[in-house]
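Notes for the structure review
Here is how the chains run, residue by residue.
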Amino acid sequence: MTSPSASSRKVLSKIACGRLQKELVEWQVNPPAGFKHKVSDNLQRWVIEVNGAPGTLYANETYQLQVDFPEHYPMEAPQVIFVPPAPLHPHIYSNGHICLAQPLRVFLVQQRPADNDRYVKNCRNGRSPKETRWWFHDDKV
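Report on the accompanying structure. All values derive from a computational prediction rather than experimental measurement. (Residues numbered from 1 in each chain as written. Predicted model: local features only at pLDDT ≥ 70, side-chain atom pairs only at ≥ 80, totals over all residues. Heavy atoms only, no water.)

A closer look at helix α2 (residues 14–29)
Taking 1.5 Å per residue as the helical rise, α2 with its 16 residues ought to reach 22 Å, and the 23 Å between its terminal C-alpha atoms agrees with that figure. Within the span of α2, buried status applies to Ala-16, Leu-20, Leu-24 and Trp-27. Mapping the buried residues of α2 onto a view down its axis gives an arc of 65°, with all of them on the same face. In α2, the exposed residues that point more than 90 degrees away from the buried face are Lys-14, Ile-15, Lys-22 and Val-29. At its buried positions, α2 is contacted by β1 (35–38) and β2 (45–51). (Helix = DSSP H or I, 4+ residues; strand = E, 2+ residues; numbered from the N terminus. Expected span 1.5 Å × (residues − 1). Buried < 20%, exposed > 50% of the residue type's maximum accessible area, 1.4 Å probe, protein only. Arc of directions from axis to C-beta. Contact = heavy atoms within 4.5 Å.)

Comments concerning the packing of aromatic side chains
Following the criterion strictly, the structure yields 6 aromatic pairs and no others. Centroid distance Tyr-58 to Tyr-63: 6.5 Å. Interplanar angle 70°. Geometry classified as edge-to-face. Note on Tyr-63: relative accessible area 11%, which makes it buried. (Phe/Tyr/Trp six-rings, centres within 6.5 Å; stacked < 30°, edge-to-face > 60°.)

A word on the environment of Thr-62
Along the chain, the position of Thr-62 falls in strand β3 (residues 62–68). For the pair Thr-62 and Gly-52, spaced 10 residues apart in sequence, the C-alpha to C-alpha distance is 6.1 Å. Only 3.2 Å separates the side chain of Thr-62 from the side chain of Asn-51, close enough to count as a polar contact. (Polar contact = N/O pair within 3.5 Å; in protein donor to acceptor, adjacent residues only side chain to side chain.)

Notes on the sheet that holds β2
Spatially, the 4 strands line up as an open sheet ordered β1-β2-β3-β4, and their pairing is antiparallel. Only two strands of the sheet have a single neighbouring strand rather than two, namely β1 and β4 (79–83). The mean angle between the axes of side-by-side strands here comes to 30°, regardless of whether they run parallel or antiparallel. Of the strand pairs in this sheet, β1 and β2 are connected by 4 bridges, and their pairing is antiparallel. Opposite Lys-36, over in β2, you have Glu-49 as the bridge partner. (Pairing = 2+ DSSP bridges. Axes fitted to C-alpha atoms, helices over the stretch in contact; angles between N-to-C directions.)

Focus on the nonpolar core
Leu-12, Leu-20, Leu-43, Trp-46, Ile-48, Phe-69 and Phe-82 are the most contacted members of the largest nonpolar core, which has 18 residues in total. For this core, the secondary-structure elements that each account for two or more residues are α2, β2 and β3. Element by element, the count of residues in this core is highest for α2, at 4 residues. Beyond its immediate sequence surroundings of up to four residues, Leu-43 is in contact with Leu-12, Cys-17, Leu-20, Gln-21, Leu-24 and Phe-69. (Core = buried A, V, L, I, M, F, W, Y, C linked by side-chain atoms within 4.5 Å.)

So, in structure tokens, the structure goes:
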């Protein structure tokens, strides 16, 4: 999934490049359980395979996360989205965007957010989640 902002992004700063090279080596030496970095020559975009946690609705399923690092990483946060097909989850839109507007909770049903169609329609043409206006579903938080 490529967005206009991703294709026009700026080259990593020297600090970002050094930091990412260090983090990539650490990842290769001590990978987090359930995650696998797919090797590529693009330091600015990582693709991570994620295995569903045992004992959950996502057990035995594998998904991919795309992590795009900005020019000024780590001072600016990376953009993280699921590469479609994204898992069915109340905080994950069908286009792979992740809603962190609510505290993450364990859900017993695989489903899309209530406003999935409206949100995805608003995000046409590869709009970045960082450029997106979010709707809050829960006014009790």
